[in-house]
Amino acid sequence: MNWYEDPNVGNEIFVAARIRLTRNLRDYAFPNKLSNDDAEELIAKLRDKMDGWKTPTGETWSFLRLDRMSALQKNALREHRVINETLSQRVRPSGLYMSADEGVSVALMGDDHIRIQVLSPEVTLDRLWNICTKIDDAINEHFNYAFHDRYGYLTAFPTNMGTGLRVSVILHLPYLSASPQFHKLVNEVARFGVGVRNAFGEGEEKAGRLFEVYNQNTLGVSEEEIVALVYRLASHLAVNEKQAREQRYTPVMREDEAAKAYGRLKYARLLSVRDAMASLSSLRAGLGEELITLSGPLNVFGLMVNCCPAALALKTMNYNTDNLGADRAEFVRAMLPELL
Amino acid sequence: MLCEKCRAREAVVKLIALENGQKVEHNFCAECVQEMGMEAMNIMMDQMMDESNPIGKLVAEMMGTMNLNSEQAPKAPEELKNIICPKCGTSYKEFVEASRFGCATCYDIFGPLMNENVKNVQAGDRHTGKHPAYGWLNSDVPAQAGGAPAKALTPKEEIRLLENQLADAVAVEDFESAAKYRDQIRFLKNMEAGVTDLEFFPEGEEAAGTEPGTEGTAPGAEEDLL
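Basis of the calculations
- Residues numbered from 1 in each chain as written.
- Chains lettered and ligands numbered in written order.
- Predicted model: local features only at pLDDT ≥ 70, side-chain atom pairs only at ≥ 80, totals over all residues.
- Heavy atoms only, no water.
- Helix = DSSP H or I, 4+ residues; strand = E, 2+ residues; numbered from the N terminus.
- Rg over C-alpha atoms; globule rule 2.2 N^0.38 Å.
- Buried < 20%, exposed > 50% of the residue type's maximum accessible area, 1.4 Å probe, protein only.
- Contact = heavy atoms within 4.5 Å.
- Buried area = accessible area lost by both parts, 1.4 Å probe.
- Salt bridge = Lys/Arg side-chain N within 4 Å of Asp/Glu carboxyl O.
- Polar contact = N/O pair within 3.5 Å; in protein donor to acceptor, adjacent residues only side chain to side chain.
- Phe/Tyr/Trp six-rings, centres within 6.5 Å; stacked < 30°, edge-to-face > 60°.
- Lys NZ or Arg CZ within 6 Å of the ring centre and 35° of its normal.
- Pairing = 2+ DSSP bridges.
- Axes fitted to C-alpha atoms, helices over the stretch in contact; angles between N-to-C directions.
- Parallel < 35°, antiparallel > 145°, perpendicular 65-115°, else oblique.
- Left-handed = near helix turned anticlockwise from the far one by under 90°.
- Nonpolar A, V, L, I, M, F, W, Y, C, P; charged D, E, K, R; others polar.
- Domains from an automatic or database assignment.

## Section: the overall build of chain A
Turning to step 1, where the next piece is worked out: Across its full length, chain A carries 11 helices and 10 strands.
Turning to step 2, where the next piece is worked out: Computed over C-alpha atoms, the radius of gyration of chain A comes to 21 Å, within 12% of the 20 Å expected from 2.2 N^0.38 for 340 residues, which places it in the range of a compact globule.
Turning to step 3, where the next piece is worked out: Along the first, second and third principal axes, the C-alpha atoms of chain A reach 60 × 45 × 30 Å.
Turning to step 4, where the next piece is worked out: Scored against the burial criterion, the 340 residues of chain A give a buried share of 60%.

## Details of the interface of chain A and chain B
Reports often express the size of an interface as the amount of accessible area lost when the parts come together.
Turning to step 1, where the next piece is worked out: On the side of chain B, 62 residues touch chain A, which itself brings 59 residues to the contact.
Turning to step 2, where the next piece is worked out: For the pairing of chain A and chain B, the buried interface totals around 5,300 Å² over both sides, and the portion due to carbon and sulfur atoms is 54%.
Turning to step 3, where the next piece is worked out: Looking only at chain A, the three residues that lose the most surface to chain B are F147(A), D149(A) and R150(A), adding up to 15% of its buried area.
Turning to step 4, where the next piece is worked out: Between chain A and chain B we count 6 salt bridges in total.
Turning to step 5, where the next piece is worked out: The residue R191(A) makes a salt bridge to D183(B) at a minimum N-O spacing of 2.7 Å.
Turning to step 6, where the next piece is worked out: Run the count over chain A and chain B and you get 25 residue pairs in polar contact (both at pLDDT 80 or more).
Turning to step 7, where the next piece is worked out: Of all elements in the fold, only helix 4 (125–140), strand 6 (147–148), strand 7 (152–153), helix 5 (182–190) and helix 6 (223–248) of chain A reach the threshold of two or more residues within the side of chain A that touches chain B.
Turning to step 8, where the next piece is worked out: Looking at the side of chain A that touches chain B element by element, the count peaks at 11 residues for helix 6 of chain A.

## Section: the environment of F14(A)
Residue and element names in this part refer to chain A.
Turning to step 1, where the next piece is worked out: Position of F14 relative to the elements: it lies in strand 1 (residues 14–23).
Turning to step 2, where the next piece is worked out: Spatially, the C-alpha atom of F14 lies 8.3 Å from that of E122, the residues being 108 residues apart in sequence.
Turning to step 3, where the next piece is worked out: If we skip the residues at most four places from it in the chain, F14 touches V123, V169, I170, L171, Y231, A234, S235, A238 and R284.

## Brief notes about the packing of aromatic side chains
Turning to step 1, where the next piece is worked out: In this structure the tally under the stated criterion is 15 aromatic pairs over all chains.
Turning to step 2, where the next piece is worked out: Aromatic side chains F182(A) and F211(A) sit 5.2 Å apart centroid to centroid with 65° between the ring planes, which places their arrangement in the edge-to-face category. Placement of the pair is F182(A) in helix 5 and F211(A) in strand 10 (residues 210–215), with a sequence separation of 29 residues.
Turning to step 3, where the next piece is worked out: Classification of F182(A) by relative accessible area gives buried; the value is 10%.
Turning to step 4, where the next piece is worked out: Between F95(B) and F101(B), the aromatic rings sit 4.9 Å apart at their centres with planes inclined by 40°, giving tilted as the arrangement. The two residues F95(B) and F101(B) agree in class, both being buried.
Turning to step 5, where the next piece is worked out: A cation over a ring is seen here: R23(A) above Y145(A), with NZ or CZ 5.8 Å from the ring centre.
Turning to step 6, where the next piece is worked out: The lysine or arginine in question, R81(A), covers the ring of F200(A), its NZ or CZ lying 5.5 Å from the ring centre.

## Observations regarding the environment of R328(A)
Residue and element names in this part refer to chain A.
Turning to step 1, where the next piece is worked out: Secondary-structure assignment places R328 in helix 11 (residues 324–335).
Turning to step 2, where the next piece is worked out: Separated by 12 residues in the primary sequence, R328 and T316 have C-alpha atoms spaced 8.8 Å apart.
Turning to step 3, where the next piece is worked out: Look past the residues within four positions of R328 in its chain and what remains in contact with it is L271, S272, V273, A276, C307, C308, P309 and L312.

## Some points on the pairing of strand 9 (residues 194–198) of chain A
Residue and element names in this part refer to chain A.
Turning to step 1, where the next piece is worked out: By the criterion of burial, strand 9 is predominantly enclosed, with 4 of the 5 residues buried.
Turning to step 2, where the next piece is worked out: Relative to strand 10, strand 9 runs antiparallel, the two being bridged by 5 bridges. Counted as the bridge partner of V196 is V213 from strand 10.

## A word on the packing of helix 7 (residues 251–267) of chain A against helix 8 (residues 273–288) of chain A
Residue and element names in this part refer to chain A.
Turning to step 1, where the next piece is worked out: Relative orientation of the contacting elements helix 7 and helix 8 amounts to 135°, with a least axis distance of 8 Å. Classified by the angle between their axes, helix 7 and helix 8 sit oblique to one another. Note that helix 7 runs across helix 8; the crossing there is left-handed. On helix 8, the residues touching E257, A258, A261, Y262, R264 and L265 of helix 7 are A276, S279, L280, S282, L283 and G286.
Turning to step 2, where the next piece is worked out: Among the residues forming the contact of helix 7 with helix 8, the class breakdown is 7 nonpolar, 3 polar and 2 charged.

## Things to note about helix 9 (residues 300–307) of chain A
Residue and element names in this part refer to chain A.
Turning to step 1, where the next piece is worked out: Of all 8 residues in helix 9, 8 are buried; the element is thus mostly enclosed.
Turning to step 2, where the next piece is worked out: Taken as a whole, helix 9 has its buried residues at V300, F301, G302, L303, M304, V305, N306 and C307.
Turning to step 3, where the next piece is worked out: Put simply, N299 is the residue that caps the front of helix 9, since its side-chain oxygen is 3.1 Å from the backbone nitrogen of F301.

## As for the domain arrangement of chain A
All names here are of chain A.
Turning to step 1, where the next piece is worked out: When the domains of chain A are assigned, the result is domain 1 (1–162) and domain 2 (251–335).
Turning to step 2, where the next piece is worked out: For domain 1 versus domain 2, the distance between C-alpha centres works out to 30 Å.
Turning to step 3, where the next piece is worked out: Listed as interface residues are 19 residues of domain 1 and, on the opposing side, 19 residues of domain 2.
Turning to step 4, where the next piece is worked out: Roughly 1,500 Å² of surface becomes buried between domain 1 and domain 2 when both sides are summed, with 59% attributable to carbon and sulfur atoms.
Turning to step 5, where the next piece is worked out: Put simply, E5 and K315 hold a salt bridge, and the shortest N to O gap is 2.8 Å.
Turning to step 6, where the next piece is worked out: At the boundary of domain 1 with domain 2, the tally comes to 10 residue pairs in polar contact (both at pLDDT 80 or more).
Turning to step 7, where the next piece is worked out: For the side of domain 1 that touches domain 2, the elements supplying multiple residues, two or more each, are strand 1 and helix 2 (71–79).
Turning to step 8, where the next piece is worked out: A total of 5 residues in the side of domain 1 that touches domain 2 trace back to one element, the largest contributor, which is helix 2.

In structure tokens:
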């Protein structure tokens, strides 16, 4: 079971957290300027030390060669948020350490040599930062990092230099994002160096109304400050979400919305990504507020992730993309408990 | 710190030079640097780029200052535009277009050109977080175990620091920054007071409304910034 599929995780406004740390080794050019031979050499050196390791949480991890995986598998990993766009398109030497639940990973030779990432449905940022920094220290025991007195950890993009740290919290903001003030609030939050963007990109997936709140600055702020800042502003947005739904809609209206969404998901025979995301979002809101009750636990975020095209194809082992709409409807229907 | 040339204005440009094997720090204000002229800057740049020059390993650090007056923002001298990173071959053009470094050495080569822009895209121009415990590049400072001590600020501390910054910004008539700090302070105070209404920032208020209070600005406050 992957980290986002745990059925006992609730459906509140806080959905998940992600912490990512980029590092480069001192004696090699960054991946974009690295020859394939040097990249192979570097991967071999890192593997020599890292293959037998366990994650700081005590899990084992396996190593995958990203450049030898199918596009479908890589896209699924991207939809699961394990790897980014760059890594999903890498055909040059690149690799990935990943725990069984995909929660802890270290990608090699993406934009930077090393990309440490922890994903969790529990928004306990201090704990996640701790895991990242432990992996970071363990690698540093064997390898010299590219580090600069002034610019800190050196990264391929100036937007990552300094701490190399990106802290994000995924929030479900169905009512706030529909309110006229949302745009303004996002701008205010940006003044603190915290960005808000669609958690699943700008495609049909954004109908899920999941937003990623993340630090924009990596230089001139410490890791602890970044963690505290992102959490504080995410909390602030969550409070505003609660206000937005209560100010603008009665409980009956919100219950109605969730129940109708359940109906669409339960009886649809074709579900596009947009349909699935929009209805799952409404369902999640109703469950999170406990306005409707199901006969069993349901992790709506996990369903959303698995409704993405590549993830769905892998999950249902059905690679005929002509029927994705029907497959998605069937998959969702099978996962839904009864409405009480 | 005062400019060591005119002894009147605040120093905003720091130059670290190696003289007789000793690291010597010079601090100048923007006006004096401009008086000394771009020629001097060019010489320093050239020395910095020339690795074979034993005493020429000169690090010029322009602390985001040359754009105090944006019309006078320095353009990179022509010869710098022909620079190519000796380690990875990234050219100036490539660096600017892709906004991307090719290797650690690129930071020494292109870093000085980027200085004035760093603060626009980042929270500061100096790393304040974790340091590697082992072997780090181009440093004679020993790493501290566990990284630099940095604690998260309480909202009250943060407000105090922002107020100091606001006073600094008003003092140098940087009203754009002042407005930003003012809004941040108001936002934080509202959060402290539990106000979560969306209408935090009524339109049309001027930065001039904030109290000056230039006195009592804590030295070194800049290092603790958000």
